[in-house]
Amino acid sequence: MKKFWKWTNLTESNPTERILTLNGTIAEESWFDDNITPQLFKSELNSCSGNITVWINSPGGDCVAAAQIYNMLMDYKGNVTVKIDGIAASAASVIAMAGNNVMMSPVSMLMIHNPATVAMGDHNEMQKAIEMLEEVKESIINAYEIKTGMSRAKLARLMEEETWMNAKKAVELGFADSIIEPDKKINEDEKEKNKASDSILFSRRAVSVALQNKLKSHYLANAGANTGTDITDLEKRLNLLKP
């Protein structure tokens, strides 16, 4: 069994906030007849209390695993915040719907489509597979309907068309609640630019003051022999040069 999930902040010093990261395919081996893996996930989920942030970057995978994870997160007592930082497609989009608050990166994507399977056998087996897929689709629509409030007919049509949504479109349709805003911090280049501006500003002021003092001293030393501009007028003119 290859784990596609990872818990962080699972320490006694910070028990109130945990991060669950879902990366890659949701269960490369189906949870359909697996009693061990779902129980492992559930025991890790319920090993601590407090709020959870779920980061998702997944192209999808096993719909049975996605349904079970969705149910576990929906049943969890703490607050669940979902953040999509890459892609939440197919089965991964179902898991995303379990968030009390679903947030998307400005460059992330969400995709919904019809469920698919591989079937073998005669026409009876093919018909059973078709009926099974129809029921799976209806169960997926349940999750989308709860989150978006959209009609089942419209959701079914979006799935038929394999709909891709950027963050703005997902928020508009109700699949997400908000877009993750980048931290509004001054980057290092901007900081250096500001430092340079301060230095230039200081240098200009210092030169202006030094020039004024030098001219004043020179004028006072030669006051008896100089019939030029009065020092008071000169100071006023020099003050205009100050930044």
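The rules behind each value
Residues numbered from 1 in each chain as written. Predicted model: local features only at pLDDT ≥ 70, side-chain atom pairs only at ≥ 80, totals over all residues. Heavy atoms only, no water. Helix = DSSP H or I, 4+ residues; strand = E, 2+ residues; numbered from the N terminus. Buried < 20%, exposed > 50% of the residue type's maximum accessible area, 1.4 Å probe, protein only. Areas by Shrake-Rupley, 256 points an atom, 1.4 Å probe, with all protein chains shown as cover. Core = buried A, V, L, I, M, F, W, Y, C linked by side-chain atoms within 4.5 Å. Contact = heavy atoms within 4.5 Å.

*Asks:* An account of the overall build of the protein is requested, with residue identities and associated values reported.
*Replies:* The secondary structure content of the protein amounts to 8 helices and 8 strands. In the protein, buried positions account for 34% of the 243 residues. Accessible surface, the protein: about 15,000 Å² in total, of which carbon and sulfur atoms supply 53%.

*Asks:* I'd love a proper account of the nonpolar core, names of residues and values included.
*Replies:* Formed by 51 residues in total, the largest nonpolar core has its most connected members in Val54, Ile56, Tyr144 and Phe175. Per element, the largest residue contribution to this core is 6 residues, and it comes from helix H2 (residues 63-75). If we skip the residues at most four places from it in the chain, isoleucine 56 touches Leu22, Val82, Lys83, Ile84, Asp85, Gly86, Ile87, Ala88, Ala92, Ile95 and Ala96.

*Asks:* Residues and numbers for the environment of methionine 103, please.
*Replies:* Mapping methionine 103 onto the fold places it in strand S5 (residues 101-104). Residue classification places methionine 103 among the buried positions, given a relative accessible area of 17%. Distance in space between the C-alpha atoms of methionine 103 and isoleucine 84 is 6.3 Å, their sequence separation being 19 residues. Apart from the residues within four sequence positions on either side, methionine 103 is in contact with Thr81, Val82, Lys83, Ile84, Ser178 and Ile180.

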